[in-house]
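So you can see what is in the structure, the chains are spelled out below.
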Amino acid sequence: MTKKWLSLILLLAITCVYIYTNPYTEEEDETLSLKLNDGVEELDFLAELEKEVIIELNRARTDPAGYAEFVEDFKKHYVGKYIYLPGRNPIITREGAPAVNEAIEYLKSAQPVPPLRVSKGLSYAARDHVEDQGPTGLTGHYGSDKSSPKERIDRFGKCGAAYGENINYGNRSARQIVMQLIIDDGIMDRGHRKNIFKAQFRVVGVSYGPHHSYGRMCVMDFAGSYSETPRRGGPIRLNYCRFITR
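Note that the coordinates shown come from a computational prediction; the quantities given were computed from them, not determined experimentally.

Quick word on the confidence of the model for the protein
Alright, step 1. Taken over all residues, the pLDDT of the protein has a mean of 84, while the share at 70 or more is 80%.
Alright, step 2. Ignoring residues within four places in sequence, the model shows residues 1-31, a span with pLDDT below 50, making 87 contacts including any to other chains.
Alright, step 3. Across residues 233-246 the pLDDT falls below 50, and counting only partners more than four positions away or on other chains, this stretch makes 31 contacts in the model.

The following block contains the structure:
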């Protein structure tokens, strides 16, 4: 095996963690069917894979112990710190199989949380970031115009509680995207995982598209609640949600 053949792709997963200010109390039926946020009437703003990502998020949230089986099956692709997936070049990770084992143990002990509702505004906010970073190959949560996740979210509605954003680069299927964020290789506080299983998050928007450096990228914007009302000029209310980054 030559060095030329063994091109290594470093898994990138970048996170911001935001702290919620109010406890979750309302109970909902746990289902994998896509529920729409208030003010959303259809799903034609989402591509098929984007819908699959939301279904996958809800599958993990509502049955973490069951989802552990998918992660256990994925572990067979690890050899040391390398992941060997069919039809792809080897992928190098920072932690290797120990991160997978830690994720499995977390899932087996985690309590189920309610499924996320689908937001058009949050999906458009996520799409803005994909369309900005994709052609340039940039990474991270801030746009080329210096926009923060909250500023992008405020373009299309109002966040009434905590919010967060996950970004994954390089994965091509909904399951790989969600599993890699749950494993959270190299992210010591497992911030992506915390966002996925945060019970206070009730709404999500997703966008998936091409990325110049890593082939694909997926952005998930979460909120405790979200009003689908576009902002019509005026200053952006940066303090509308409590914004704390770890």
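A word on helix α2 (residues 64-74)
Alright, step 1. Of all the residues in α2, the buried ones are P64, G66, Y67, A68, V71 and F74.
Alright, step 2. Packed against the buried residues of α2 are α1 (48-62), β4 (78-79), β5 (82-83), α3 (97-109), α6 (174-183) and α7 (191-197).

With respect to the packing of aromatic side chains
Alright, step 1. In total, this model carries eight aromatic pairs according to the counting rule given.
Alright, step 2. The interplanar angle of 75 degrees and the centroid separation of 6.2 Å between the aromatic rings of F45 and Y124 together place this pair among those described as edge-to-face. Of this pair, F45 sits in the loop between β3 (35-36) and α1 while Y124 sits in helix α4 (residues 120-136), and the two are 79 residues apart along the sequence.
Alright, step 3. With relative accessibility at 27%, the residue Y124 sits in the partly exposed group.

What counts, and at which threshold
Residues numbered from 1 in each chain as written. Predicted model: local features only at pLDDT ≥ 70, side-chain atom pairs only at ≥ 80, totals over all residues. Heavy atoms only, no water. pLDDT = per-residue confidence, 0-100. Contact = heavy atoms within 4.5 Å. Buried < 20%, exposed > 50% of the residue type's maximum accessible area, 1.4 Å probe, protein only. Helix = DSSP H or I, 4+ residues; strand = E, 2+ residues; numbered from the N terminus. Phe/Tyr/Trp six-rings, centres within 6.5 Å; stacked < 30°, edge-to-face > 60°.

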